[in-house]
Structure formats: structure tokens, C-alpha cells
Amino acid sequence: MKPVIALVGRPNVGKSTLFNRLTGTRDAIVADFAGLTRDRHYGNGRVGKREVIVIDTGGFEPDAGEGSIYREMAKQTRQAVAESDVVIFVVDARAGLSAQDHDIANYLRRLGKPCVLVANKAEGMTSGAQTVEFFELGLGEVLPVSAAHGQGVRSMLEIALERV
Ligand code: GDP
Ligand code: MG
């Protein structure tokens, strides 16, 4: 069985860009505005000789209101998390820590799912500044990555696979 990796995080942090980077496809829709990829997207990725299945999600806002598109996105994300062996939780190194990041961290902690926390958009930032504030999420190590440039992506995957 191929390990299944779910990409989770609030809208616009770069999940779909990371999905494209991991799967070598453009199946996920990358957008300059939040929340366009509303459904789950599955793709095949590879780390060295190991194959993985990657799930992109639309973005997760745990307390989205009734009837909101975000509510449906949250449901899709919960399903993707349930289907996965390990979660890659993506935050935005440039935008910094948000209340939604805390909500997602709490949700993942409650589930006790294996999880890797990555600070995306970290290219060109000094190494401390990329990650320091995200330690507050209480999920341990924070990996700086750049989905757009590929930096840190391989070691992120290797660490994710060690936690499966
Ligand atoms: P999603 O909503 O989490 O799926 O985010 P997207 O993948 O659609 O990306 C949202 C925005 O962030 C787009 O404008 C991307 O080009 C941009 N983005 C994604 N990854 C990076 C990155 O590594 N560095 C920078 N600077 N921008 C990025
Ligand atoms: Mg997306």
C-alpha cells in the first residue's frame, strides 16, 4: 500500500502549489485568492523509490458558519485527514501565525494523527524568521519550505514518511 499524505492548512498558504510540486501535475488549481480548490484532489508522488498518494484540500476553517462554502471545505478536509496516514500541515511563513492555524493545530492534536508542520513561502527569508513563531502551535519541529521553488520539499517528504 502506498502511504497517503494529506495537505492541510488554511486557504492561500500554498497547499495546491505544494501538491503540484509533489505530484508533478497541475491538477490542483493554484489561485491568487483563497479557497478555490474546494474538492479534494488526489495525485501520485514519489520520494526516491517510494511512491505516495497526495491529497490536496481546499482549506480548513474549523468554525465555518452554516451554509458557508468553507463549511463544505472543512468537511472535505476532515475526510482527507481520515483517509491519510500522515498530515502535512502547511502554514504561511510570510503571513505569520493566525487564529485559524491555532484551530487547525488543535484539531490535529485532538486526532493524534502523525503530522509534519511546514512553513511555506520561506524562500529568501532568514532562517530563524521563517519558523520561530509557529513553535507556539505545539506541534514540535517546523520545517521551512518553498513550494514554489522546491526548497525543503524533499526532506519534508522524507520526514513525513518516517512518521507513517
Ligand atoms: P492554497 O489555497 O493553500 O492551495 O494555496 P495556493 O497553492 O493556491 O497558493 C496561494 C498563493 O501563494 C499563490 O499566489 C501561490 O503562487 C503562492 N505561493 C505558493 N507557494 C509559494 C511559495 O513557496 N513562495 C511564495 N512566495 N508564494 C507561494
Ligand atoms: Mg488550493
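Calculation rules
- Residues numbered from 1 in each chain as written.
- Chains lettered and ligands numbered in written order.
- Predicted model: local features only at pLDDT ≥ 70, side-chain atom pairs only at ≥ 80, totals over all residues.
- Core = buried A, V, L, I, M, F, W, Y, C linked by C-beta atoms within 7 Å.
- Buried ≥ 20, exposed ≤ 12 C-beta atoms within 10 Å, placed from the backbone.
- Helix = DSSP H or I, 4+ residues; strand = E, 2+ residues; numbered from the N terminus.
- Contact = placed C-beta atoms within 7 Å.
- Pairing = 2+ DSSP bridges.
- Axes fitted to C-alpha atoms, helices over the stretch in contact; angles between N-to-C directions.
- Right-handed = clockwise from strand over helix to strand, strands pointing away.

Engineer: Could you give an account of the nonpolar core, with specific residues and numbers?
Structural biologist: Ranked by size, the top nonpolar core spans 37 residues in total, and within it Ile-88, Phe-89 and Val-116 carry the most contacts. Broken down by element, the residue count for this core peaks at six residues, all from strand β4 (residues 86-92). Setting aside chain neighbours within four positions, we find Ile-88 in contact with Ile-5, Leu-7, Val-116, Val-118, Met-156 and Ala-160.

Engineer: Talk me through the sheet that holds strand β5 (residues 115-120); I want residue IDs and the actual numbers.
Structural biologist: Here we have six strands laid out as an open sheet, ordered β2-β3-β1-β4-β5-β6, and mixed in their pairing. Only two strands of the sheet have a single neighbouring strand rather than two, namely β2 (41-47) and β6 (142-144). For this sheet, the mean inter-axis angle between neighbouring strands, taken without regard to orientation, is 30 degrees. Where strand β1 (residues 4-8) and β4 come together, four bridges link them in parallel fashion. When the bridges of β4 are listed, Leu-7 appears paired with Ile-88. Taken strand by strand, helix α3 (residues 99-111) contacts β1, β4 and β5, and its axis lies near 165 degrees from that of β4.

Engineer: I'd like to hear about the pairing of β5, residue by residue, with values.
Structural biologist: Side-chain positions along a regular strand alternate between the two faces of the sheet. In terms of burial, β5 is a largely internal element, six of the six residues being buried. In this structure, β4 lies alongside β5, joined through six bridges in parallel fashion. In the sheet register, Val-91 faces β5, and the bridge partner there is Ala-119. In this region the chain leaves β4, passes through α3 and returns to the parallel neighbour β5; the handedness of that crossover is right-handed. Bridge count for β5 against β6 is three bridges, and the pairing is parallel. Bridge pairing links Val-118 to Leu-143 in β6.

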